[in-house]
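Each chain, letter by letter, is given below.
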Amino acid sequence: MVFVILLMIVNWTLEALKWWHLTRRLSPMSIWKSIESVFCGLTWAVFTPNRLGEYGGRVMFLPVRKRIHGVFAMAVGSFGQNVITNVLGAGAIVWFFYTFIHPQWWIMLGITVIALVFMAIMLTFYFNIKWMVSLLNRIKFLKKFHRFFDIMGKYKFNELLSIMWFCLGRFFVFTFQYYLIIHLLIPEIPFLTMGLLMFVFFFVQSAIPSLDVLDIGVRALTAGKLFSYVTDQSIAVVVAISLIYIINLIIPAILGSVFVLKLKFFDRTA
């Protein structure tokens, strides 16, 4: 459990480094200030749908004139994390259907093809994010915001790749957290099976609109359904999911409340 808590710190430190990397184009900040802004964002996130408050909490640590730009810079990082979740999740779903559902071969082939196409599209759009910016700039009522969308298009391939490594690191850190807790409670589940089930869990979870303060029920229900294919210890699964939820979100949100008090909402520095 101590190691799981230490991994929580590693997880959010990686996110802070990613945010520090993203903001270098806007207004360079220290790594410690980046850590403060990430924890502050988590405090705001738990009270807003789909964690939208996280954007507001973070950008408040930027100068006023750079805050809207910061929202779009953060969107690049969020997109990168979603790409990792969706790409690895799509691959795990193919394994899940093959291992547990056993559909007819032509259905299995269709699922595999759809998953591969989906993975390719996600990766292509991420590493060519300027295509998405171009599409947004063609929408009439959004044209006036083009200077903000253009922020996303300024990140080069090497920068996007660096951001992707941070996202991948975070993904495997919290996957390992889940493994440690579930293995503690249900040691008979094989490592690979548990890991791939978690990939599917993250994929499904990312697609469900939620409010963090009420999210625990949705997470428990989703995980319980997935793990019912490998164990009948549903209570243990719910306990594991609840522990990770508390460690990874609630505790950091409480810590972040300290940094909320440091915010300068009307700071006019450029």
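Residues numbered from 1 in each chain as written. Predicted model: local features only at pLDDT ≥ 70, side-chain atom pairs only at ≥ 80, totals over all residues. Heavy atoms only, no water.

1. Some remarks on the overall build of the chain
Turning to step 1, where the next piece is worked out: Looking only at helices and strands, the chain has eleven helices and zero strands in total.
Turning to step 2, where the next piece is worked out: The order of α-helices and β-strands along the chain, N terminus first, is α-α-α-α-α-α-α-α-α-α-α.
Turning to step 3, where the next piece is worked out: For the chain, whose C-alpha radius of gyration is 20 Å, the value lies close to the compact-globule estimate of 18 Å for 270 residues.
Turning to step 4, where the next piece is worked out: With respect to the three principal axes, the spread of C-alpha positions in the chain is 60 × 45 × 30 Å.
Turning to step 5, where the next piece is worked out: Looking at the chain as a whole, 47% of its 270 residues are labelled buried.
Turning to step 6, where the next piece is worked out: Total accessible area on the chain stands at roughly 13,700 Å², and carbon and sulfur atoms take up 73% of it.
Turning to step 7, where the next piece is worked out: When the 23 positive and 10 negative side-chain charges of the chain are each reduced to one mean point, those points stand 15 Å apart. (Helix = DSSP H or I, 4+ residues; strand = E, 2+ residues; numbered from the N terminus. Rg over C-alpha atoms; globule rule 2.2 N^0.38 Å. Buried < 20%, exposed > 50% of the residue type's maximum accessible area, 1.4 Å probe, protein only. Areas by Shrake-Rupley, 256 points an atom, 1.4 Å probe, with all protein chains shown as cover. Lys, Arg positive; Asp, Glu negative; His and termini not counted. Charge placed at Lys NZ, Arg CZ, Asp CG, Glu CD.)

2. Some words on the packing of helix α4 (residues 67–101) against helix α8 (residues 157–185)
Turning to step 1, where the next piece is worked out: Their axes nearest at 9 Å, the elements α4 and α8 cross at an angle of 55 degrees. Between α4 and α8, the angle is such that the two are oblique. Judged by the twist between their axes, the crossing of α4 over α8 is right-handed. Residues Val 76, Gly 77, Gly 80, Gln 81, Val 83, Ile 84, Thr 85 and Leu 88 of α4 touch α8, and the partners they reach there are Leu 160, Ile 163, Met 164, Cys 167, Leu 168, Arg 170, Phe 171, Phe 172 and Phe 174.
Turning to step 2, where the next piece is worked out: Class assignment of the residues belonging to the contact of α4 with α8 gives a composition of twelve nonpolar, four polar and one charged. (Axes fitted to C-alpha atoms, helices over the stretch in contact; angles between N-to-C directions. Parallel < 35°, antiparallel > 145°, perpendicular 65-115°, else oblique. Left-handed = near helix turned anticlockwise from the far one by under 90°. Contact = heavy atoms within 4.5 Å. Nonpolar A, V, L, I, M, F, W, Y, C, P; charged D, E, K, R; others polar.)

3. Some remarks on the nonpolar core
A general feature of soluble globular proteins is that nonpolar side chains tend to end up buried together.
Turning to step 1, where the next piece is worked out: Trp 19, Val 76, Tyr 155, Ile 182, Phe 201 and Phe 227 are the most contacted members of the largest nonpolar core, which totals 77 residues.
Turning to step 2, where the next piece is worked out: Setting aside residues no more than four positions away along its own chain, Trp 19 makes contact with Met 29, Ser 34, Ser 37, Val 38, Arg 58, Val 59, Leu 62, Gly 70 and Met 74. (Core = buried A, V, L, I, M, F, W, Y, C linked by side-chain atoms within 4.5 Å.)

4. Concerning the pattern of salt bridges
Any two side chains of opposite charge can pair if their charged atoms end up close together.
Turning to step 1, where the next piece is worked out: Tallied over the full model, the rule gives five salt bridges.
Turning to step 2, where the next piece is worked out: Between Lys 18 and Glu 15 there is a salt bridge; the shortest N-O distance is 3.0 Å. One end of the pair, Lys 18, and the other, Glu 15, are both in helix α1 (residues 2–23), three residues apart, so they sit about a helical turn from each other. Both residues of the pair, Lys 18 and Glu 15, belong to the buried class.
Turning to step 3, where the next piece is worked out: Arg 25 serves as the salt-bridge partner of Glu 159, at 3.1 Å between the closest nitrogen and oxygen. Linking Glu 159 in helix α8 with Arg 25 in the loop between α1 and α2 (31–45), this pair joins segments that are 134 residues apart in sequence. (Salt bridge = Lys/Arg side-chain N within 4 Å of Asp/Glu carboxyl O.)

5. Focus on the environment of Leu 184
Turning to step 1, where the next piece is worked out: With respect to the element layout, Leu 184 can be found in helix α8.
Turning to step 2, where the next piece is worked out: Using a relative accessible area of 58% as the deciding quantity, one classes Leu 184 as exposed.
Turning to step 3, where the next piece is worked out: Leu 184 sits 52 residues away from Ala 236 along the chain, and the two C-alpha atoms are 9.6 Å apart.

Geometric descriptors of this kind do not, in isolation, establish any biological role.
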